[in-house]
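Report on the structure
The primary structure of each chain is shown beneath.
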Number of protein chains: 2
Amino acid sequence: MAQKVKLSTIAEALGLSTATVSLALRDSPLVAEVTRERIKAEALASGYIYNRRAASLRTSKSGIVGVCVHDIMNPFFGEILIAIEHELDRHRQTFILCNHYDALAKQRSFIDTMLQLGADGLILSPAIGTPASDLELAETNELPVVLIARTVEGAGAPSFRGDDSVGMEMAVRHLVELGHRRIALVGGTEATSTGRLREAGYLRALAEAGIEFRPEWRIAGPRSRHSGFDAVPGFLRLSDRPTAVCCFSDLVALGFMYGLARAGLRPGRDIAVTGYDDIDEAAIAVPPLTTVANGQKEVGRRAASALVARLGGTPFAAADELILPELKIRNSSGLD
Amino acid sequence: MAQKVKLSTIAEALGLSTATVSLALRDSPLVAEVTRERIKAEALASGYIYNRRAASLRTSKSGIVGVCVHDIMNPFFGEILIAIEHELDRHRQTFILCNHYDALAKQRSFIDTMLQLGADGLILSPAIGTPASDLELAETNELPVVLIARTVEGAGAPSFRGDDSVGMEMAVRHLVELGHRRIALVGGTEATSTGRLREAGYLRALAEAGIEFRPEWRIAGPRSRHSGFDAVPGFLRLSDRPTAVCCFSDLVALGFMYGLARAGLRPGRDIAVTGYDDIDEAAIAVPPLTTVANGQKEVGRRAASALVARLGGTPFAAADELILPELKIRNSSGLD
DNA sequence: CTGAAAGCGCTTACAG
DNA sequence: CTGAAAGCGCTTACAG
């Protein structure tokens, strides 16, 4: 590597100006076809690398979109991310991924980094406790924000997610129809809109069925496979033990089923279990998991394309966009 | 947002030069303490946002490290990524994540993007078929590359990974000790070093035990939970069916166990199963999965810190660094 | 301890 | 269709 080749290197080699070279490389019709071909050939031959920092400094567009979620390893987010990636790829946007693990400080530092890099937009599953002001900071600095999975009260940012309360209502109603009257809700927390809304759906379905809710049925907290597994012993010690368990997510349900099996109980036979999300694994689990499809693909696609549209100049449309959930009945809620 | 505030905005407000402001914000001892405080206060009050593109253009350091793996949703990579993230965070490097899904074109376009953004380094689990020249392109353009999980023949880049052949040998030897003589190897492909090395370990252990390998025992291909699940019917149709199955990864093993259970067979009782990686889920699976701990945390930590050291000026040390695997005996290989 | 000036590598009006 | 020049917002020698 003798010298770094830049626009001016190519320009000099060809006896042209950097303006012409710049235009040609970006396929401007202003440049004559033959010139353009010569320039492109020279760029290729010389191993030219486009310097996006320089371009971005000049244009104040970076082609970068930041995406920050609780945990990218969670298949629920993973499935959303694939859809986002696909959509962003189509529009030649680079996306920068980050976990915030529900730590506000980590999320803030991510937003900061995106601001410093001059990112064009942000897709966020907001960390627990995110104040609207954190999102406004971004908007104020010309960094539009789109929310996924969760929403933030008072923030102008549009939110794309499944209809959590309706979805959970479906799951509970399904269990009621199977004859269950003692139904627990395992996992999730008051601290997120998801947790609150799913709990609301659960309570509504119970009320609708004329079942009086008992506080010990609500085992709040678990949101991972492991914590779902760990919730089992406590559940089994419940006096007048529920016959059915609605889990906050598939991950929690899958862990809970592992836990039940470990304790010698057969999910779907001894205890009915439902999940939420319908991740890929749900269908092959043992037993196959009854769950609520949460539209991950739609969430990702719509969020990304709303952002892309906004970058193109179209202002955001509606505030919140809810994707209709769909109940997937399999065997974990009762073997046939 | 009236006007964007930049260094010169602060400098003017305070009657100083941009040089002083720049120095002060980066805590240079060249600037008097009082001046520094005044500058920092003004920066905060005015909502100043550091423009990293401009700085990076000038210094040709970007503070960005690119990380590209087959699939970030795979918990094996997820666990590596967490370690990388932790290490990089400590050194205030932003990391940009990407899936290449074993598509060379996608990996190439990622390397290209990193080059254009002026990334400081690259951590790569190379896509199947990666030619050494792709990595050299990066190195030539001052983008040092570190490999994880897999290696690339002929590339100068150091590679951090578990000792695949030794690990698989451990698993097979364990099954042999339990009395198995017909042992299948499910998943993985010749196309990756991981696949080749693990197969080599498997063959070595068979040979060592005086067992003659039969081609139908090698069910190549599966590398996901789903494909592990799908491999079961074919396996069950094998005449003179193996009594034990070594799986290429935990994910494959977990899917395979789902498949066995679906077919009414009890993993660990009717068929012994082992995994590879010891991901978080292995210990709570039903039955708990016997597997080979593959040192994800170490891989991530060492890869990241080798890269950071290199950025600091220390050239790479050895070529390949192998982490010693460890057999974790649980119940899937035979209930006690 | 602080300032004036050049330059990183692009793109964008503006001229011709 | 092509070129000369300014400027994006920093940092880095160099002076003083």
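Please refer to the structure placed before this passage.
Quantities reported herein were computed from a predicted structural model and do not represent experimental measurements.

The rules behind the values
- Residues numbered from 1 in each chain as written.
- Chains lettered and ligands numbered in written order.
- Predicted model: local features only at pLDDT ≥ 70, side-chain atom pairs only at ≥ 80, totals over all residues.
- Heavy atoms only, no water.
- Helix = DSSP H or I, 4+ residues; strand = E, 2+ residues; numbered from the N terminus.
- Buried < 20%, exposed > 50% of the residue type's maximum accessible area, 1.4 Å probe, protein only.
- Near = heavy atom within 4 Å.
- Polar contact = N/O pair within 3.5 Å; in protein donor to acceptor, adjacent residues only side chain to side chain.
- Nonpolar A, V, L, I, M, F, W, Y, C, P; charged D, E, K, R; others polar.
- Contact = heavy atoms within 4.5 Å.
- Buried area = accessible area lost by both parts, 1.4 Å probe.
- Salt bridge = Lys/Arg side-chain N within 4 Å of Asp/Glu carboxyl O.
- Least-squares fit on C-alpha atoms with pLDDT ≥ 70 in both.
- Axes fitted to C-alpha atoms, helices over the stretch in contact; angles between N-to-C directions.
- Parallel < 35°, antiparallel > 145°, perpendicular 65-115°, else oblique.

Describing unusual backbone geometry
Residues and elements named next belong to chain A. Here the bond from Val-286 into Pro-287 is cis, since omega is -10°, no more than 30 degrees from zero. Along the chain, Pro-287 falls in the loop between strand 9 (272-274) and strand 10 (291-293). Even without being a glycine, Tyr-101 presents a positive backbone phi close to 50°. One can find Tyr-101 in the loop between strand 2 (94-99) and helix 6 (104-117). Overall, the relative accessible area of 34% leaves Tyr-101 in the partly exposed class.

Observations concerning the protein's contact with DNA strand C
As a structural note, the neighbourhood of DNA strand C is formed by 25 residues, with Ser22(A), Arg58(A), Ser17(B), Thr35(B) and Arg58(B) the closest of them. Counting only atoms of DNA strand C within 4 Å of the protein, the sugar-phosphate share comes to 69%. Thr35(B) places a polar side-chain atom, nitrogen or oxygen, 2.9 Å from a phosphate oxygen of DNA strand C. Taken together, the elements giving at least two residues each to the surface near DNA strand C come down to helix 2 (18-25) and helix 4 (52-59) of chain A together with helix 2 (18-25) and helix 4 (52-59) of chain B. Among the elements that take part in the surface near DNA strand C, helix 4 of chain A stands out by supplying four residues, more than any other. Residues of the surface near DNA strand C, tallied by class, amount to 13 nonpolar, eight polar and four charged.

Digging into the interface of chain B and chain A
In this complex, chain B contributes 49 residues to the contact, which on the side of chain A involves 49 residues. Buried surface at the junction of chain B and chain A, both sides included, amounts to about 4600 Å², of which 63% is carbon and sulfur. Connecting chain B to chain A are six salt bridges. Here Lys106(A) ties to Glu85(B) by a salt bridge, and the two come within 3.0 Å at their closest N and O atoms. Remark: the boundary between chain B and chain A carries 16 residue pairs in polar contact (both at pLDDT 80 or more). Elements with a contribution of two residues or more to the side of chain B that touches chain A: helix 4, helix 5 (75-90), strand 2 (94-99), helix 6 (104-117), helix 10 (225-230) and helix 12 (250-262) of chain B. Of the residues forming the side of chain B that touches chain A, the biggest block, seven residues, is contributed by helix 5 of chain B.

Quick notes on the relation of the copies chain B and chain A
Between the two chain copies there is a screw-like relation: a rotation about an axis and a shift along it. Here chain B sits on chain A after a turn of 180° about the axis and a move of 0.0 Å along it, with an RMSD of 0.0 Å. These values place the two chain copies in the arrangement generated by a two-fold rotation axis. Most of the interface of chain B is mirrored in chain A, where 100% of its interface residues are also at the interface.

A short note on the protein's contact with DNA strand D
Residues in contact with DNA strand D amount to 26 residues; listed here are only the nearest, Ser17(A), Thr35(A), Arg58(A), Ser22(B) and Arg58(B). Counting only the atoms of DNA strand D within 4 Å of the protein, the fraction contributed by sugar and phosphate is 70%. A distance of 2.9 Å is found between a phosphate oxygen of DNA strand D and a side-chain nitrogen or oxygen belonging to Tyr50(B). Here Ala54(B) contributes a backbone N or O atom positioned 3.2 Å from a base nitrogen of DNA strand D. Among the elements that line the surface near DNA strand D, the one with the most residues is helix 4 of chain B, at four residues. Considered class by class, the residues forming the surface near DNA strand D number 13 nonpolar, eight polar and five charged.

Looking at the environment of Arg26(A)
By the secondary structure assignment, Arg26(A) is in the loop between helix 2 and helix 3 (33-46). Side-chain polar atoms of Arg26(A) contact the side chain of Ser22(A), separated by 2.8 Å.

Quick word on the packing of helix 6 of chain A against helix 7 (residues 132-140) of chain A
Residue and element names in this part refer to chain A. Between helix 6 and helix 7, the least distance of the axes is 10 Å, while the angle of their chain directions is 5°. Considering their axes alone, helix 6 and helix 7 lie roughly parallel with respect to each other. Contact residues: Leu-104, Arg-108, Ile-111 and Leu-115 in helix 6; Asp-134, Leu-137 and Ala-138 in helix 7. Partitioned by chemical class, the residues of the contact of helix 6 with helix 7 number five nonpolar, no polar and two charged.

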